[in-house]
Amino acid sequence: MLSIFDIYFKSPIVHGMELVTPRFDAPAKRLVLLVADGLRADKFYEPDADGEYRAPFLRSIIRERGRWGVSHARPPTESRPGHVAIIAGFYEDPSAVTKGWKANPVEFDSVFNRSSHTISFGSPDIVPIFCGALPHSTWNTYPHEFEDFATDASFLDEWSFDQFQSLINKSNNDPNLKKLLQRDGLVIFLHLLGCDSNGHAHRPFSSIYLNNVKVVDRIAENMYNLLEDYFKDNRTAYIFTADHGMSDKGSHGDGHPSNTDTPLVAWGAGVRFPKPGSSSSHGDEGHRFVDEHLHDTPTPHDWGLYGLERVDVNQADIAPLMSTLLALPCPANSVGTLPLDYISLAEAEEVEAVVANTKQILNQFIRKSQIKQSNSLHFRPFEPLAHYSSILDQIDDLISSKDYKAALKLSENLRDLALEGLNYFQTYDWFMLMAVITLGYIGWMVHLVLHVLQSYTSHKNSLSNKRSGDKITESGRLMVYVCGCFLMVAASTILFLEHSPPLYHVYTAMTIFLWTRIFGEYLFIRELWMDLVHRDCKFIFKILATCVVAIVVLEFLVHSFTERRLYTWCFLITGVLASSYLFHLNKRRYLVAIYVWIACSFLSIFTLMPAEIPDNTSLVVASGAMAILVGVAARWLDFHHEADRYWNCITNHDMEARIPMLFQLQVFLVGLASAMVWLSTSHRTKNRELLPLHQMINWSVAGVSLILPLFSPNGLLSRLTSIFLGFAPTFLLLSIGYEAAFYSSLGLVLMAWILFENSLIYMSKPALSAGPRKAVDHKASLDQKLRHLELFDVRIPLVFLVLFNVAFFGTGNFASIASFEISSVYRFITVFSPFLMAAMLIFKLFIPFMLVICAFSAITKLIRLPRLGCYFLVILFSDVMTIHFFFLVKTTGSWMEIGNSISHFGIVSAQVVFVLLLFALTNIFTKDIQIRPDGSSARKAV
């Protein structure tokens, strides 16, 4: 799992480069950076329903005295990486989002570091990242309690401006502060969080969000008037932009244009004036952006900016733009390219600015090359830049001869080569790591197969007994282990000499360890092969057919990560096949076959629905009623078919409920949760607040309902019904739309799976009296309780994986960061608390998984399979998918595709771990489930 961070998420930051000071005078004396967190480009530029534009001041700037465009952000479109790109000029690796909001995962340089002084006001989650450890800074933040999603958050933006205005007013009576404000190279940064908070809470189409656009425009106007009146020197440059956008459902994180397209407006000292052009005119012809959006995308007509040239940039380009306006060295780790169409400089100064930008990126390349060369036994240099010093000399000669166009062109080409060189060294170790990790995965899968064969199949006794006490076997295994240790020491020595990270040692050692274990079982493998050779062709065909079916199912699951609708066809076909098979098996039980078909057809609907879940409180309430109906139907079935042999295994009442009227209490809690969904949502929408009484009831209902299943009867159907009703209130309170109905639909399909397996048991019971040998075998089975795994049992982990993945994608695209719908937690908490909110969202997503695992555990008890053996098969199949996704990870194309491919790998890799954790958690509910065998047929068989 961790390998993905070393290969794709490796930090691009290096230290020890020399800073490059521009060789020209600063066009601006100070710079103002206004970042409207979560502001979409289209909502900023387009008019409202009345035809009035929401940002009249900034539109007047665009038309009269500034430049404009769209800044393209790179996923993950989150606040931290977005601000790092704007202020530090590089795209922070996505893994930094998981480091939390408080501390820098890797120390980096920024425009603020290079400034003479930085003044900043805004969110406690952003401002301290850049100013917390900066000695030459003045900053302040509002408390976390201000970030309440139940209110209109535009007051946060006004707070930031009021703080700065107070500072300006204070300087009139404070000579030292006034002197500080008069310094050259001053940077003023206001972080305006209102749009982000209102977008999360009310969606970007709401009147609250759209009104917030007017608020930030008014703040930009007030800042401009305040500073121009205060300094009166026309030496201030202004930049207005956003760190990311906002999707229609009020989230962000992925590479959708609504998240990556942000507004950019620049004006003031050193910035060019507007230039005429058509709506499709761009000053960056031939350029592709980090989100792979085309440079020639036409400007929407309703933006009303026809006739003005639009200049789009990559988000990291803003950092060198700010540095150039103040004639400061670019941040040492910046990979942004200077957008010349924004700055107003003489031709010679333009070339010097581009040369400074190029040298700064080239210095990073040189440093990375030096580090890699000093740590490699066999160094492979980047050939195109083998003679970079001669290219720099050519550029200086061209500048001396005043051939500025040629110097500019050569500088830009060198800059592009330096960026390619940075990527070359960023991916330098990829081939070695991929080879080692691939061998490790294959070794792990082979080792799992051998372990399952040795521990959970009939080979456990038939083959292992032949080898017990064999000295030759032990000496052979010892020789293999000695060779493995020698190889491990040799590999670690090479890695140590190359100063490789500790995890490289772990990857290599684990791969060698696994293959050593495999070769240590060479006698078992040989005997297994001999056993296979002596089998008839029919058995070989069964093995091959089982492998083909397993691979087809796993490939289906792999493709379902990118195409959810495949599950619709899967369940429609499965419903027809399973019901037809059951009807053929036992025509008297045709109602069971019809139920299986209806359950599968109902579940197939949900993967046709949009991944972005629309709000529908009425549907959530109706889903609560549906959950109650499902529980009542299961209860009726449990108590009215006890005498029927068909239901004997799943309707066992050896233990009564430990709480009187437990079922009625659970039904009441589901009904109460449904009522609270309606009350809490209605009151919060109307009054923009969450009542403490509602909050207390919601927390109490969710907490109590989760522990009630522990006191239910231990029959299979009784316990699973109680678990279903126990998780339902929490899931309903965390639901906002159709995912609430999905919960009941999933429960119906899990019941259909249990009935299918029960039908197979019921139809196989007459065979128990078929002869003495089977009677003895069954007696052994009764004594040992669990039977050996057989080839046909592969269906259990395969069906489990399908249902487990449906729980992933049945209610959205789990692989996308944007699928975490933050409004799901508003019935419990509205004050911004990222860790608590994330924990609640993850718990909501885990509830369907826990239902699937509870059903899986019950089925292994029902058919008397070793659950741990089935779990190892789940690991095996998951790793087959993982290694497939490992090679599907993209390094080219849109960043949305790259990000999704990486998250797919991470999800399937993590699946092995959190399935085990969920097994442990659900075992609390399922460990005491009792399966009652059919007593008459069991005695007859014995």
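Procedures and definitions
- Residues numbered from 1 in each chain as written.
- Predicted model: local features only at pLDDT ≥ 70, side-chain atom pairs only at ≥ 80, totals over all residues.
- Heavy atoms only, no water.
- UniProt positions renumbered as here; feature names shortened; annotations may be inferred.
- Helix = DSSP H or I, 4+ residues; strand = E, 2+ residues; numbered from the N terminus.
- Buried < 20%, exposed > 50% of the residue type's maximum accessible area, 1.4 Å probe, protein only.
- Areas by Shrake-Rupley, 256 points an atom, 1.4 Å probe, with all protein chains shown as cover.
- Pairing = 2+ DSSP bridges.
- Contact = heavy atoms within 4.5 Å.
- Axes fitted to C-alpha atoms, helices over the stretch in contact; angles between N-to-C directions.
- Salt bridge = Lys/Arg side-chain N within 4 Å of Asp/Glu carboxyl O.
- Polar contact = N/O pair within 3.5 Å; in protein donor to acceptor, adjacent residues only side chain to side chain.
- Core = buried A, V, L, I, M, F, W, Y, C linked by side-chain atoms within 4.5 Å.
- Domains from an automatic or database assignment.
- Expected span 1.5 Å × (residues − 1).
- Arc of directions from axis to C-beta.
- Parallel < 35°, antiparallel > 145°, perpendicular 65-115°, else oblique.
- Nonpolar A, V, L, I, M, F, W, Y, C, P; charged D, E, K, R; others polar.
- Phe/Tyr/Trp six-rings, centres within 6.5 Å; stacked < 30°, edge-to-face > 60°.
- Lys NZ or Arg CZ within 6 Å of the ring centre and 35° of its normal.
- Patch = residues over 30% accessible without salt bridge, like charges linked within 9 Å, V, L, I, M, F, W, Y side chains within 5 Å.
- pLDDT = per-residue confidence, 0-100.

Going by the annotation in an unreviewed UniProt entry, the name recorded for the protein chain is GPI ethanolamine phosphate transferase 1, with Kalanchoe fedtschenkoi given as the source organism. What the UniProt record of the protein chain gives under Subcellular location (unreviewed entry) is the line "Endoplasmic reticulum membrane". Its UniProt record gives the protein chain a comment under Function (unreviewed entry), which states: "Ethanolamine phosphate transferase involved in glycosylphosphatidylinositol-anchor biosynthesis. Transfers ethanolamine phosphate to the first alpha-1,4-linked mannose of the glycosylphosphatidylinositol precursor of GPI-anchor."

Novice: If you had to explain the overall build of the protein chain to someone new, which residues and values would you point to?
Specialist: The number of helices and strands found in the protein chain is 35 helices and 10 strands. Looking at the 942 residues of the protein chain, the share that counts as buried comes to 57%. For the protein chain, the exposed surface amounts to about 39,300 Å²; the carbon and sulfur share of it is 63%.

Novice: Pulling in residues and values, what's your account of unusual backbone geometry?
Specialist: Even without being a glycine, Ala-327 presents a positive backbone phi close to 55 degrees. Within the element layout of this structure, Ala-327 appears in the loop between helix 12 (318–325) and helix 13 (347–374). For Ala-327, a relative accessible area of 15% corresponds to the buried category.

Novice: Could you give me a rundown of the sheet that holds strand 1 (residues 30–36), with the residues and numbers involved?
Specialist: Overall, mixed pairing links the eight strands, which are arranged 4-3-5-1-6-7-2-10 in an open sheet. Two strands bound the open sheet, and with one partner strand each, they are strand 4 (137–141) and strand 10 (313–314). In the sheet, strand 3 (residues 117–122) pairs with strand 4 via five bridges, with the strands oriented parallel. The residue bridging Ser-120 from the neighbouring strand is Trp-139, located in strand 4. Lying over the sheet, helix 10 (residues 207–231) contacts strand 1, strand 5 (186–192), strand 6 (236–241) and strand 7 (261–268), oriented at roughly 170 degrees with respect to strand 6.

Novice: Which residues make up the pattern of salt bridges, and what values go with them?
Specialist: Summed over all chains, the structure comprises 24 salt bridges. Close ionic contact of Asp-42 with Arg-40 constitutes a salt bridge, the shortest N to O distance being 2.7 Å. Looking at Asp-42, the relative accessible area reads 23%, which means it is partly exposed. Among the residues examined, Arg-40 registers a relative accessible area of 5% and is labelled buried. Close ionic contact of Glu-757 with Arg-795 constitutes a salt bridge, the shortest N to O distance being 2.6 Å. Of the two residues, Glu-757 is situated in helix 29 (residues 739–764) and Arg-795 in helix 31 (residues 795–809); the sequence distance between them amounts to 38 residues. Like Arg-795, Glu-757 is buried.

Novice: An account of the side chain of His-117 is requested, with residue identities and associated values reported.
Specialist: Considering the arrangement of structural elements, one finds His-117 in strand 3. Relative accessible area serves as the criterion here: at 6%, His-117 is assigned to the buried category. Reaching out from His-117, the side chain makes a polar contact with the side chain of Thr-138 at a distance of 2.8 Å. In contact with His-117, not counting residues within four places along its chain, are His-136, Ser-137, Thr-138, Leu-180, Arg-183, Gly-185, Leu-186 and Val-187.

Novice: Provide a residue-level description of the environment of Leu-755, including the pertinent values.
Specialist: Relative to the helices and strands, Leu-755 resides in helix 29. A relative accessible area of 4% means that Leu-755 is categorised as buried. In contact with Leu-755, not counting residues within four places along its chain, are Val-592, Tyr-595, Tyr-646, Trp-647 and Ile-650.

Novice: Provide a residue-level description of the nonpolar core, including the pertinent values.
Specialist: With 150 residues, the main nonpolar core has Leu-557, Phe-571, Leu-716, Phe-800, Phe-804 and Phe-914 as its most contacted residues. The element contributing the most residues to this core is helix 29, with 17 residues. Lining this core are residues from two domains, each supplying at least three of them: domain 3 (430–516) and domain 4 (609–764 + 787–927). Listed in part, the 66 residues of the second largest apolar core include Ile-129, Cys-131, Ala-353 and Tyr-404.

Novice: Quick rundown of helix 3 (residues 56–64)? Include the residues and the values.
Specialist: When helix 3 is considered as a whole, its buried residues turn out to be Phe-57, Leu-58, Arg-59, Ile-61 and Ile-62. Structurally, helix 3 contributes buried residues whose contacts are with helix 2 (41–45), strand 2 (66–72), helix 10, strand 6, strand 7 and strand 9 (307–308).

Novice: Let's hear about helix 21 (residues 522–533): which residues, and what values?
Specialist: Over its 12 residues, helix 21 extends 16 Å from the first C-alpha to the last, a length consistent with the 16 Å expected when each residue adds 1.5 Å. Those residues of helix 21 lying buried are Leu-523, Phe-524, Glu-527 and Leu-528. One side of helix 21 holds all its buried residues, which, seen down the axis, span an arc of 135 degrees. What points out from helix 21, more than 90 degrees from its buried face, is the exposed set Arg-526 and Trp-529.

Novice: Before we move on, could you go through the packing of helix 7 (residues 154–171) against helix 9 (residues 194–202) and cite the residues and values that matter?
Specialist: For the pair helix 7 and helix 9, the least separation of the axes is 7 Å and the interaxial angle reads 170 degrees. The orientation of helix 7 with respect to helix 9, classified from their angle, is roughly antiparallel. Two secondary-structure elements touch here, helix 7 through Ser-154, Leu-156 and Asp-157 and helix 9 through Gly-194, Cys-195, Ser-197 and Asn-198. Classifying every residue of the contact of helix 7 with helix 9 gives two nonpolar, four polar and one charged.

Novice: Describe the packing of aromatic side chains, and please don't skip the residues or the numbers.
Specialist: What the rule picks out here adds up to 52 aromatic pairs. On the basis of an interplanar angle of 85 degrees and a centroid distance of 4.9 Å, the ring pair of Tyr-230 and Phe-231 is categorised as edge-to-face. The buried category is assigned to Tyr-230, whose relative accessible area is 14%. A network of ring pairs unites the aromatic residues Tyr-456, Phe-800, Phe-804, Phe-846, Phe-849, Phe-856, Tyr-871, Phe-872, Phe-914 and Phe-919 as a single cluster. In this arrangement the basic side chain of Arg-59 is found over the ring face of Tyr-53, its NZ or CZ atom lying 3.5 Å from the centre.

Novice: Could you give me a rundown of the pairing of strand 6, with the residues and numbers involved?
Specialist: Successive residues of a regular strand alternate their side chains across the two faces of the sheet. Within strand 6, six of the six residues are buried, which leaves it mostly tucked inside the rest of the structure. Burial along strand 6 is two-sided: the face carrying Thr-236, Tyr-238 and Phe-240 and the face carrying Ala-237, Ile-239 and Thr-241 are both buried. Judged from the six bridges that link them, strand 1 and strand 6 form a sheet pairing that is parallel. For Val-35, the partnering residue across the bridge sits in strand 6 and is Thr-241. Note: strand 6 against strand 7, five bridges, orientation antiparallel. Considered in strand 7, the bridge of Phe-240 is made with Val-265.

Novice: Go over a nonpolar patch on the surface with me, naming the residues and quoting the values.
Specialist: On the surface, Val-576, Phe-583, Tyr-590, Leu-591, Ile-594, Trp-597 and Ile-598 cluster together to form a nonpolar patch covering roughly 680 Å² of accessible area. Breaking the nonpolar patch down by element, the ones donating at least two residues are helix 23 (566–585) and helix 24 (590–603). Per-element tally for the nonpolar patch: the top contributor is helix 24, with five residues. Its location among the elements puts Ile-594 in helix 24.

Novice: Before we move on, could you go through the confidence of the model for the protein chain and cite the residues and values that matter?
Specialist: A low pLDDT score tells you not to read the predicted coordinates there in detail. Per-residue confidence for the protein chain gives a mean pLDDT of 85; residues scoring 70 or more make up 87%. The low-confidence segment residues 767–784 (pLDDT under 50) makes 12 contacts with residues lying over four places distant or belonging to another chain. Every residue in residues 935–942 is under pLDDT 50, and counting partners more than four places away or in other chains gives seven contacts.

Novice: Quick rundown of the packing of helix 29 against helix 31? Include the residues and the values.
Specialist: At a minimum axis distance of 11 Å, the contact between helix 29 and helix 31 shows a crossing angle of 175 degrees. With respect to helix 31, the axis of helix 29 lies roughly antiparallel. Along the contact surface, helix 29 presents Phe-742, Val-749, Leu-750, Trp-753, Glu-757 and Leu-760, while helix 31 presents Arg-795, Ile-796, Val-799, Phe-800, Leu-803, Val-806 and Ala-807. Residues of the contact of helix 29 with helix 31, tallied by class, amount to 11 nonpolar, no polar and two charged.

Novice: Lay out the environment of Val-880 in plain terms, naming residues and giving numbers.
Specialist: Along the chain, the position of Val-880 falls in helix 33 (residues 867–888). The exposure class of Val-880 is partly exposed, given its relative accessible area of 29%. A sequence separation of 28 residues divides Val-880 from Val-908, and the C-alpha atoms of the two residues are 9.7 Å apart.

Novice: Got a sec to walk through the pairing of strand 3? Specific residues and values, please.
Specialist: The buried count for strand 3 comes to six of six residues, which makes it a mostly enclosed element. Burial along strand 3 is two-sided: His-117, Ile-119 and Phe-121 facing one way and Thr-118, Ser-120 and Gly-122 facing the other are all buried. In this structure, strand 3 lies alongside strand 5, joined through five bridges in parallel fashion. The residue of strand 5 that forms the bridge with His-117 is Leu-186.

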